[in-house]
Amino acid sequence: MNTLYQKFIDKDLQDILERRVKTSSTRPIVVGTGITSSHLGDERNLREFVLADAIVACLRSYGKNVIFLLFDDSYDPLNFRQLRVAVDKDEQLIKKFEKYCGTPIKLIPDPFNCHDSYADHFQSKILERFHHLDIYPNMIDSHSSYHSGLYDFAKEIVFTRMEEIKDFLKKKFPNYHMKKIFWPLCPTCSKLDESEIDNIEGKKISISCKRCMTQHITTTEKIKGKFSWKVDIAVKWNIFKSDFEPFSKAYLDPDVGSYFIAKSLSEEFFGGHYPEIIEYGQVFMDRELSYTLLPSLPREIFDLLFLDHRKKDMKLSKQKIIQVAKQYEVRKDMTYFDYIQILLPYENLEYLSSDISPFERNQITNYGNKFTKLILKKDIYPKLPTQKTMGEIDKSSLQQIHKLIDWVVRYKNTHPKVKFETYLEHFKEFFTIHHMSRAHLFPLVRGMFAQEHSSPLSRILYYIPDQFLYATLFLVERHLKESE
Ligand SMILES: [Zn+2]
Ligand SMILES: [Zn+2]
């Protein structure tokens with residue numbers, strides 16, 4: 001297990017994990033999470049999944065078999081707001097699909113015509129995103145669960161004990177009101193947002209739909225539809241034996257929070273199984289960052305962002321992202337932020353003069369380029385000294401700079417693969433031997449290479465590729481000659 005995960009498993013979390021693992025030693029441990037395939041949201045909802053994935057990794061490192069489930073509420077009705085985000089505000093698609101608002105997502109065609117249904121389309125987009133982050137859950141499609149009969153035992157309980165369930169909720173959670181316990185699917189218009197059960201008499205159920213103004217008589221066995229969400233999760237916990245699920249505070253209010261209501265319903269009516277709470281803080285995000293983080297940050301940075309102080313609410317801002325980029329080391333002694341500032345501009349040029357396609361470049365290069373463009377909103381090009389920048393430096397200083405760069409190139413060529421620390425010692429020695437002042441020369445060299453930020457110049461020179469140093473030497477020599 002990596003050290004970040006070790007740090008992230010605090011005492012509190014360790015106790016929660018051990019408590020449940022002890023009582024379920026003979027079966028695989030189940031970690032559950034949830035999505036909706038109504039649209040593909042931005043990065044603010046990723047915390048739940050990064051957290052769940054870290055729990056899965058921890059349990060596996062203890063030698064446990066773990067099943068990582070991703071429940072998709074595909075039986076839920078689509079709403080207009082979700083549709084707008086899903087089709088990226090495309091007016092034509094909105095017009096074509098708004099008639100499906102109120103219909104279960106699984107029963108709507110794919111707006112982009114590449115999958116069997118709307119739900120299938122976004123399920124595959126969501127999985128694609130998770131795979132990109134090295135998160136590999138198993139999708140459980142809620143409509144398929146109902147369709148295949150997994151919920152039948154619970155339907156029988158609900159339709160025979162409906163009033164009892166209502167009374168139970170009223171007594172135990174007086175501040176909470178459940179609108180409908182079951183949402184029937186209208187056989188005429190296939191919507192379920194405005195249909196309801198009017199009466200249950202033995203096995204006979206009457207339903208009515210305000211969408212198409214029809215009434216139907218059906219039976220407890222034939223009726224289609226889904227449970228209200230809190231009942232649904234109570235049943236789901238008992239079917240899939242979920243052991244751990246991440247919840248934000250919004251679900252954990254003792255009076256009206258979904259977790260405690262579902263837990264009580266499970267204990268009283270559906271079998272008594274419930275998962276342990278893995279609590280996490282809510283994520284707020286500056287709107288301008290939406291959809292920019294996934295392409296710009298490697299998974300490890302999401303770990304740093306989301307796992308540290310997992311219960312604390314957090315705000316993702318440009319400043320916060322830069323701060324974490326300065327913590328994450330892409331290689332020994334080099335942070336992601338330094339890499340982007342110092343090395344990336346030159347690496348890009350090396351790629352330009354090579355046969356490597358952009359897809360085969362190393363991942364960090366691709367992330368770094370997106371980070372530069374989407375987060376820093378600039379292009380970083382490496383700079384060679386110009387007549388103007390060199391003209392501002394006095395002749396004797398420029399001669400010293402030439403001497404320094406000449407030494408760096410020769411040193412790197414005669415000491416291939418030298419460690420930075422060893423090079424640094426010799427670098428310092430060079431200044432002492434030649435009675436040169438770093439305090440005087442460094443700002444001048446920084447100006448020449450347009451490397452004005454805070455990374456040490458010794459490091460910048462160490463990383464600048466040779467071609468650049470040779471070109472610099474040539475330009476400095478020419479400038480010195482011309483100004484004689
Ligand atoms: Zn599709
Ligand atoms: Zn209807």
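Counting from 1, residues in each chain are numbered in the order their sequence is written. Think of it this way: whatever chain is written first is A, whatever ligand is written first is 1, and the rest follow in order. This being a predicted model, a pLDDT of at least 70 is required before a residue's local features are given, and a value of 80 or more before pairs of side-chain atoms are given or counted; all residues contribute to the totals for chains, interfaces and linings.

1. Some points on the overall build of the chain
Segments assigned H or I by DSSP are reported as helices when at least four residues long, segments assigned E as strands when at least two residues long, and all are numbered from the N terminus. Across its full length, the chain carries 21 helices and 14 strands. For 484 residues, the compact-globule estimate of 2.2 N^0.38 gives 23 Å, and the chain exceeds it by more than 25% at 31 Å. Every C-beta atom is placed from the backbone, and the number of other C-beta atoms within 10 Å of a residue's own sets its class: buried at 20 or more, exposed at 12 or fewer, partly exposed in between. Here the chain holds 484 residues, and the buried ones make up 31% of them. In this description, any two residues whose backbone-derived C-beta atoms lie within 7 Å of each other are considered to be in contact. By sequence separation, contacts in the chain at least 24 residues apart represent 72% of the contacts at least 6 residues apart. Radius of gyration means the value over C-alpha atoms here, while the globule rule gives 2.2 Å times the residue count to the 0.38 power.

2. A look at the packing of helix α9 (residues 229–240) against helix α10 (residues 258–270)
Here an angle of 0 to 180 degrees is reported between the N-to-C directions of two axes, which are lines fitted to C-alpha atoms, with helices fitted over the stretch in contact. Between α9 and α10, the shortest axis-to-axis distance is 8 Å and the interhelical angle comes to 60 degrees. As judged from the angle between their axes, α9 and α10 are oblique. The hand of the α9/α10 crossing is right-handed. Where α9 approaches α10, its residues W229, K230, V231, I233, A234, V235, W237 and N238 are matched on the opposing element by S258, I261, A262, L265, S266 and F270. Residues are grouped as follows: Ala, Val, Leu, Ile, Met, Phe, Trp, Tyr, Cys and Pro are nonpolar; Asp, Glu, Lys and Arg are charged; all remaining types, including Gly, are polar. Residue composition of the contact of α9 with α10, by class: 10 nonpolar, 3 polar and 1 charged. When describing relative orientation, an angle under 35 degrees is termed roughly parallel and one over 145 degrees roughly antiparallel, while 65 to 115 degrees is termed roughly perpendicular and anything else oblique. Crossing chirality is assigned from the near helix's rotation relative to the far helix, an anticlockwise turn below a right angle marking it left-handed and a clockwise turn marking it right-handed.

3. Considering the domain arrangement of the chain
Domain limits in this description derive from either an automatic procedure or a database domain assignment. Under the domain assignment, the chain is made up of domain 1 (3–152 + 228–285), domain 2 (289–375) and domain 3 (387–482). Contacts between domain 1 and domain 2 engage 19 residues on the former and 17 residues on the latter. Elements represented by at least two residues in the side of domain 1 that touches domain 2 include exactly α1 (3–8), α3 (47–61), β10 (276–280) and β11 (283–285). Among the elements that make up the side of domain 1 that touches domain 2, the one with the highest residue count is α3 (4 residues).

4. A few points about the sheet that holds strand β6 (residues 204–209)
Pairing between strands is defined by DSSP: at least two bridges between the two strands are required. The 3 strands are arranged β5-β6-β7 in an open sheet whose pairing can be described as antiparallel. Single-partner strands in this sheet number two, and they are β5 (195–201) and β7 (214–219). In this sheet, neighbouring strand axes are inclined to one another by 25 degrees on average, regardless of whether the strands run parallel or antiparallel.

5. Regarding the nonpolar core
Side chains of nonpolar character tend, in soluble globular proteins, to be buried together. The term nonpolar core means buried Ala, Val, Leu, Ile, Met, Phe, Trp, Tyr and Cys residues held together as one set by C-beta atoms within 7 Å. If you look at the biggest cluster of nonpolar residues, it comprises 54 residues, and the most contacted ones within it are V31, V50, L51, A52, I55 and Y339. At 8 residues, the largest contribution of residues to this core is made by α3. Membership of the second largest hydrophobic core comes to 27 residues, among which are W183, L192, I233 and Y274.

6. Examining unusual backbone geometry
Negative phi values dominate among residues other than glycine, just as trans dominates among peptide bonds. Phi at N113 is positive, roughly 60 degrees, even though this residue is not glycine. Looking at the element boundaries, N113 is found in the loop between α5 (91–97) and α6 (118–132).

7. Quick notes on helix α8 (residues 152–172)
Taking 1.5 Å per residue as the helical rise, α8 with its 21 residues ought to reach 30 Å, whereas the 26 Å between its terminal C-alpha atoms falls clearly short. Bending of α8 peaks at approximately 80 degrees at the position of R161. Here α8 has its buried residues at A154, V158 and L169. Residues of α8 that are buried in the fold lie against β4 (182–184), β8 (225–227), α9 and α10. Expected helix span is given by 1.5 Å per residue-to-residue step, counting one fewer step than there are residues. The bend reported for a residue corresponds to the angle between axes fitted to the seven residues ending at that residue and the seven starting there.

8. Overview of the pairing of β6
Only one face of β6 is covered, namely the one carrying I205, I207 and C209; the face carrying K204, S206 and S208 has none of its residues buried. Here β5 pairs with β6 via 6 bridges, running antiparallel. Among the inter-strand pairings, E201 is bridged to a residue of β6, identified as K204. Connecting β5 to the antiparallel partner β6 that follows it, the hairpin turn spans 2 residues, and G202 within it adopts a positive phi of roughly 60 degrees. Both β6 and β7 contribute to a ladder of 6 bridges, which runs antiparallel. Bridged to I207 within β7 is H216.

9. Thoughts on the environment of F468
Mapped onto the fold, F468 is located in helix α21 (residues 466–482). Its 20 C-beta neighbours within 10 Å are what place F468 among the buried residues. It is 9.9 Å that separates the C-alpha atoms of F468 and V409, two residues lying 59 residues apart in sequence. Dropping the residues within four chain positions of it, F468 is found in contact with Y346 and P382.

10. Regarding the environment of K311
Mapped onto the secondary structure, K311 falls in the loop between α12 (299–307) and β12 (314–316). Each C-alpha atom, one on K311 and one on F247, is 9.9 Å from the other, the two residues being 64 residues apart in sequence.

11. As for the environment of T36
Here T36 shows up in the loop between β1 (29–35) and α3. The spacing of T36 and D76 is 40 residues in sequence and 8.3 Å in space, taken between C-alpha atoms. Leaving out residues up to four positions away in the same chain, T36 has contacts with D72, D73 and D76.

12. Considering the packing of helix α17 (residues 395–414) against α21
Interhelical geometry of α17 versus α21 gives an angle of 150 degrees and a closest axis separation of 10 Å. Between α17 and α21, the angle is such that the two are roughly antiparallel. As for how α17 packs across α21, the hand of that crossing is left-handed. Residues K395, L398, Q399, I401, H402, I405, D406, V408, V409 and K412 of α17 form the contact with α21, whose participating residues are D466, L469, Y470, T472, L473, V476, E477 and L480. A breakdown of the residues in the contact of α17 with α21 according to their chemical character gives 10 nonpolar, 3 polar and 5 charged.

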